[in-house]
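Residues per chain are reported as follows:
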Amino acid sequence: MTQPAFKSQLLQTLQARGYVHQITHPDELDQAAKGVVTGYIGFDATASSLHVGSLIQIMLLRRLQQAGGKPIVVMGGGTTKVGDPSGRDEGRKLLSEADIQANIASIKTVFEKFLAFGDGPTDAILVDNDEWLSKLAYIEFLREYGVHFTINRMLTFDSVKLRLDREQPLTFIEFNYMLMQATDFLELNRRYGCVLQMGGSDQWGNILNGVELIRRVDQKPAFGLTTPLLATASGAKMGKTAQGAVWLNADLRSPYDYWQFWRNTEDADVGRFLRLFTDLSLDEIARLDALEGSAINDAKKVLADEATRMLHGEDAARAARDASEKAFEQGTLSADLPTVEVPSAELIGMPLANLAVRAGLAGSNGEARRLAQGGGLRLNDAQVADAGKTVSEADIVDGVVKLAAGKKKIVLVKPV
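Student: How should I be thinking about the environment of D267 in this particular structure?
Tutor: Within the secondary structure, D267 sits in the loop between α12 (255-263) and α13 (270-277). Classification of D267 as partly exposed rests on a relative accessible area of 47%. Taking C-alpha positions, D267 is 9.1 Å from E292, a pair spaced 25 residues apart along the chain. A polar atom in the side chain of D267 sits 2.6 Å from the side chain of K300.

Here it is in structure tokens:
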């Protein structure tokens, strides 16, 4: 299928960098985007940090602002109380009001790294949908909005259909989620003139509901745009690793580990990730993407530098790269390497399998044993085939034990 030739800077940029999966009313949106387009993305507060899987949406808001649009970050203080069923086999755990507000306070610090907030026409704003959703009276809500949605159509949306096809339960409270999200869009349109909702392709049905609700109830233009669901070249879900989610908050994942995540990108993903997650020019990205053989590692370092700089700042990115090069290329230690403190009385005599789990290099003792058997576990740069080997005083060199999983991850264990 031939891609449409967009005229607005916003849609040209999004298409060229690989953000576009589906658009409602593309010609109308292209015309509207010649002016200041106000658009939003919602983020539910189910944890104290977003992870890399949400980064494409944050970058989408950044692209909107760079193209002269106004981004709105919607924190789901209200929708988190219900839980989005999209892409899930079971209902989300319902959080308390205090937990939700604590998560919002923790999450929102990340957006300030990517967006310029303020009172100007293209400055970003952050709102909490609990402000209006919590005030909805149920009978009035059903009368005003429920009449615009049919059960027949709602059952065709993937977020509902896939759950039912797998014979997994879908609670009535989750079923209401798409109505609440549509209400968000209508409210944002009325309050801020927001005409565009963006999100991942799994949100397409929810977004369509909001677009149609605005056009039907207020007879105003509204648009939706989704990004492709992101997976690595090998098919793994973006941001999922053996050690768990790649969190954006530094207290959950250090700048060094964040840099390493990008440095270890699969060869086939480098160009795509440079387009999606950095501000480098497309010409420079094309040059880096054309590198072959061992030279592709230079492109991976640039990707890691740029992604880490954007989230954690220039100093943190430089320190992470220096620490990595010292550890992996020069064989020396750096104070910026991840460090885990273990009481001396516990450390001496601890099996390496247990220590690998404690240091976050393996998810279980069994995984640590398999790592060792495969030649991937190293103690002070020496391969260890037996994960049952215990730590001795002699293993503490320069005040630390250097433990590594393959060539990709090093942790210093410091006895205290």
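Now, onward.
Student: Could you clarify how one ought to interpret α12 in this entry?
Tutor: Each full turn of the α-helix corresponds to 3.6 residues, which orients residues three or four apart in the same direction. Most of α12 is tucked away: eight of the nine residues are buried. All of the buried residues in α12 are Y256, D257, Y258, W259, Q260, F261, W262 and R263.

Student: I keep staring at the sheet that holds strand β6 (residues 223-227) and nothing clicks. Help me out?
Tutor: In a beta sheet, neighbouring strands are held together by backbone hydrogen bonds and run either parallel or antiparallel to one another. The strand order across the open sheet formed by six strands is β1-β6-β5-β2-β3-β4, and the pairing between neighbours is mixed. Each edge of the open sheet carries a strand with a single partner, namely β1 (22-23) and β4 (125-128). As defined by bridge partners, β1 adjoins β6 across two bridges and the pair is classed as antiparallel. In the strand pairing of β6, I23 is matched with L225.

Student: Mind showing me how you'd approach the sheet that holds strand β13 (residues 409-415) here?
Tutor: Spatially, five strands are ordered β9-β13-β12-β10-β11 in an open sheet, and the strand pairing comes out mixed. Where the open sheet ends on each side, the last strands, each with one partner, are β9 (339-342) and β11 (382-383). Pairing geometry for strand β12 (residues 401-405) and β13, over five bridges, is antiparallel. By the bridge assignment, V401 is partnered in β13 with V413.

Student: Explain a nonpolar patch on the surface to me, please; I cannot follow it from the model alone.
Tutor: On the surface, I151, L155 and L164 cluster together into a nonpolar patch covering about 250 Å² of accessible area. Considering the arrangement of structural elements, one finds L155 in the loop between α7 (151-154) and α8 (158-165). Here L155 falls in the partly exposed class, since its relative accessible area comes to 37%.

Student: When you look at the packing of helix α3 (residues 55-66) against helix α4 (residues 97-114) in this model, what are you seeing that I'm missing?
Tutor: What describes two packed helices is the angle between their axes and the distance between those same axes. Following both chains from N to C, one finds α3 and α4 inclined at 45 degrees, their axes separated by 10 Å at the closest point. One element, α3, and the other, α4, form an angle in the oblique class. When the axes of α3 and α4 are compared, the crossing they make is right-handed. For the pair formed by α3 and α4, the contact residues are L55, I58, M59 and R62 on the first element and V110, F111, K113 and F114 on the second. Partitioned by chemical class, the residues of the contact of α3 with α4 number six nonpolar, no polar and two charged.

Student: Please clarify how the packing of aromatic side chains should be interpreted in this entry.
Tutor: The geometry of an aromatic ring pair is captured by the separation of the ring centres together with the interplanar angle, meaning the angle of the planes. This structure, assessed with the given rule, holds seven aromatic pairs. With 5.0 Å between their ring centres and 75 degrees between their planes, F261 and W262 make a pair best called edge-to-face. An identical accessibility class is assigned to F261 and W262; each is buried. Taken together, the ring pairs in this structure connect Y258, F261, W262, F273 and F277 into an aromatic cluster.

Student: When you look at α3 in this model, what are you seeing that I'm missing?
Tutor: Helix length check: α3, at twelve residues, gives a terminal C-alpha distance of 16 Å against a target of 16 Å (1.5 Å per residue), a fit within 8%. Where burial is concerned, most of α3 is hidden: eleven out of the twelve residues are buried. Of the positions making up α3, those classed as buried are L55, I56, Q57, I58, M59, L60, L61, R62, R63, L64 and Q65.

Student: Sorry if this is basic, but what is going on with the pattern of salt bridges here?
Tutor: Opposite charge on two side chains allows them to pair when their charged atoms are near. Scanning the entire structure with this criterion turns up 18 salt bridges. Close ionic contact of R216 with E212 constitutes a salt bridge, the shortest N to O distance being 3.8 Å. Remark: E212 and R216 occur in helix α11 (residues 204-217); sequence separation between them is four residues, near one turn of the helix. The exposure class of R216 is partly exposed, given its relative accessible area of 41%. Because the salt bridges share partners, they merge into one network encompassing E306, R309, E314, D315 and R318.

Student: Would you take a moment to explain the nonpolar core for this structure?
Tutor: Side chains that are nonpolar tend, in soluble globular proteins, to be buried together. Grouped together as the largest cluster of nonpolar side chains are 61 residues, with contacts concentrated most on F43, I58, F114, L225, Y258, W262 and F277. Every residue in contact with W262, bar those within four places of it in the chain, is listed here: V52, L55, M238, F273, F277, K300, L303, A304 and A307. Counting 26 residues, the second largest nonpolar core, distinct from the first, contains F149, M154, L188 and I214.

Conventions and cut-offs
Within each chain, residues carry numbers counting from 1 in the order of the written sequence. A pLDDT threshold of at least 70 governs which residues receive local features in this predicted model, and a stricter bar of 80 or more applies before side-chain atom pairs are shown or counted, although totals over entire chains, interfaces and linings include all residues. Here the side-chain values reflect all heavy atoms present in the structure, with hydrogen atoms and water set aside. Helix numbers and strand numbers start at the N terminus; a helix is a DSSP run of H or I with at least 4 residues, a strand a run of E with at least 2. Throughout, exposure labels follow a simple rule: accessible area from a 1.4 Å probe, protein chains only, divided by the maximum for the residue type, with under 20% read as buried, over 50% as exposed, and the rest as partly exposed. As used in this structure description, the phrase polar contact means that two N or O atoms lie within 3.5 Å; if the pair is within protein, one of them must be able to donate a hydrogen and the other to accept it, and residues adjacent in sequence are counted only when both atoms belong to side chains. For two strands to count as paired, DSSP must find a minimum of two bridges between them. Patch definition: residues with relative accessible area over 30% and no salt bridge; like charges joined within 9 Å; nonpolar side chains (Val, Leu, Ile, Met, Phe, Trp, Tyr) joined within 5 Å. In this description, accessible areas are obtained by the Shrake-Rupley approach with a 1.4 Å probe, and a residue is regarded as covered only by the protein chains that are shown. By definition here, a salt bridge exists when the distance from a side-chain nitrogen of Lys or Arg to a carboxyl oxygen of Asp or Glu is within 4 Å. All axes here are fitted lines through C-alpha atoms, helices being fitted over the stretch that makes contact, and every angle between N-to-C directions spans 0 to 180 degrees. Should an angle fall under 35 degrees it is called roughly parallel, over 145 degrees roughly antiparallel, and 65 to 115 degrees roughly perpendicular, with every other angle called oblique. Each crossing gets its handedness from the near helix: less than a right angle anticlockwise from the far helix is left-handed, clockwise is right-handed. Contacts between residues were defined by any pair of non-hydrogen atoms, one from each residue, lying within 4.5 Å. Asp, Glu, Lys and Arg are counted as charged, while Ala, Val, Leu, Ile, Met, Phe, Trp, Tyr, Cys and Pro are counted as nonpolar; the rest, among them Gly, fall into the polar class. A pair of aromatic rings is counted whenever rings of Phe, Tyr or Trp (Trp by its six-membered ring) have centres within 6.5 Å, and the orientation is called stacked for planes under 30 degrees apart, edge-to-face for over 60 and tilted otherwise. In this analysis, the expected span of each helix is defined as 1.5 Å times one less than the number of residues it contains. Residues enter a nonpolar core if they are buried and are Ala, Val, Leu, Ile, Met, Phe, Trp, Tyr or Cys, with the set joined through side-chain atoms within 4.5 Å.

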